[in-house]
Amino acid sequence: KCSKFADADAKLNILIVDDEIEYSELVKRMIKSLDASSQTIECITTTMASEALKTIGTHNIDLTICDLDLRGQQLNGFDVSRRMREMGYRGDICLHSHLNNTQYYRKAIQAGAGMFLPKPLSVPHASKLIEQAFIQAELRYNQNNANKKSKTKNTTNNQGGEAMELASKRSDNSKERQTIILVED
């Protein structure tokens, strides 16, 4: 487990979006069974795309597992993924479906998802998703701490007459930020 989750209050937050309630609950139970301490993973389920987008705006979600075919709704999984990225969501997104067509893999990546997996979600796939989500959550946590420290250091350095330049690179595929700090004497 990563350092973020050393705190008793810190959890890996997973959002499961599927129009089939029974399937969502099955995935939730599977994920919870992989959580040895039963305290580091929190699962939120919803059947509605609109509710998923609201949840992203109100919760700190680390991983979203979203069905591609959300029957009877205006949005499908591609739309949800795209909108989540437009909202600034930086967590992992896994789209999955019973429809196992290779064109969906490309479309999932183009929509901002990190992966596309077949349904039903297997235990090895779920385990790998959780492992990856822990790693990504730790990277985001460390990046946020580095950004906070650099802001403090930037204020201190500017008062001391040293110049500091902050540059950010944006990866088009992952939407993650990498901060480079250059200090001149």
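Everything here concerns the structure above.
Residues numbered from 1 in each chain as written. Predicted model: local features only at pLDDT ≥ 70, side-chain atom pairs only at ≥ 80, totals over all residues. Heavy atoms only, no water.

Put simply, helix H2 (residues 49-58) and helix H3 (residues 77-86) touch, their axes get as near as 10 Å, and they point 20° apart. When the axis of H2 is compared with that of H3, the two are roughly parallel. Crossing hand, H2 versus H3: right-handed. From H2, Ala-49, Leu-53 and Ile-56 reach across to H3, where they touch Val-80, Arg-83 and Met-84. Considered class by class, the residues forming the contact of H2 with H3 number five nonpolar, no polar and one charged. (Axes fitted to C-alpha atoms, helices over the stretch in contact; angles between N-to-C directions. Helix = DSSP H or I, 4+ residues; strand = E, 2+ residues; numbered from the N terminus. Parallel < 35°, antiparallel > 145°, perpendicular 65-115°, else oblique. Left-handed = near helix turned anticlockwise from the far one by under 90°. Contact = heavy atoms within 4.5 Å. Nonpolar A, V, L, I, M, F, W, Y, C, P; charged D, E, K, R; others polar.)

Turning to the sheet that holds strand E4 (residues 92-97), a few remarks are in order. Read from one edge of the open sheet, five strands run E2-E1-E3-E4-E5, paired in parallel fashion. Every interior strand has two partners, whereas the edge strands, strand E2 (41-46) and strand E5 (115-118), have only one. Averaged over all pairs of adjacent strands, the angle between their axes in this sheet comes to 20°, without regard to strand direction. Summarising the sheet, E4 and E5 pair through four bridges and their orientation is parallel. (Pairing = 2+ DSSP bridges.)

Okay, the nonpolar core next. The biggest cluster of nonpolar side chains holds 22 residues, and the ones touching the most others in it are Phe-78, Val-80, Met-84 and Leu-95. Elements with a contribution of two residues or more to this core: strand E1 (12-17), H2, H3, E4 and helix H4 (102-110). Counting residues per element, this core draws most heavily on H2, which supplies four residues. Contact partners of Phe-78, with chain neighbours within four places excluded, come to Leu-68, Leu-95, Tyr-104, Lys-107, Ala-108 and Ala-111. Among the nonpolar cores identified, the runner-up in size contains 20 residues, and Ile-41, Leu-63, Ile-65 and Ala-126 belong to it. (Core = buried A, V, L, I, M, F, W, Y, C linked by side-chain atoms within 4.5 Å. Buried < 20%, exposed > 50% of the residue type's maximum accessible area, 1.4 Å probe, protein only.)

Attention now moves to the pattern of salt bridges. Applying the stated criterion to the full structure yields seven salt bridges. With a closest N to O distance of 3.4 Å, Asp-67 and Lys-119 form a salt bridge. Of this pair, Asp-67 sits in strand E3 (residues 63-67) while Lys-119 is found in the loop between E5 and helix H5 (123-159), placing the two residues 52 residues apart along the sequence. In this pair, the class of Asp-67 matches that of Lys-119, namely buried. Notably, a salt bridge pairs Arg-82 with Asp-79, separated by 3.3 Å at the nearest N-O pair. (Salt bridge = Lys/Arg side-chain N within 4 Å of Asp/Glu carboxyl O.)

This next bit is on the pairing of E4. Burial runs high along E4: six of the six residues are buried. Neither face of E4 is exposed, since Asp-92, Cys-94 and His-96 on one face and Ile-93, Leu-95 and Ser-97 on the opposite face are all buried. Where E3 meets E4, five bridges bridge the pair, whose relative direction is parallel. Bridge pairing links Ile-65 to Cys-94 in E4. On the question of chirality, the crossover connecting E3 to the parallel E4 by way of H3 is right-handed. (Right-handed = clockwise from strand over helix to strand, strands pointing away.)

It is worth stressing that arrangement in space is one thing and function is another; only the former is reported here.
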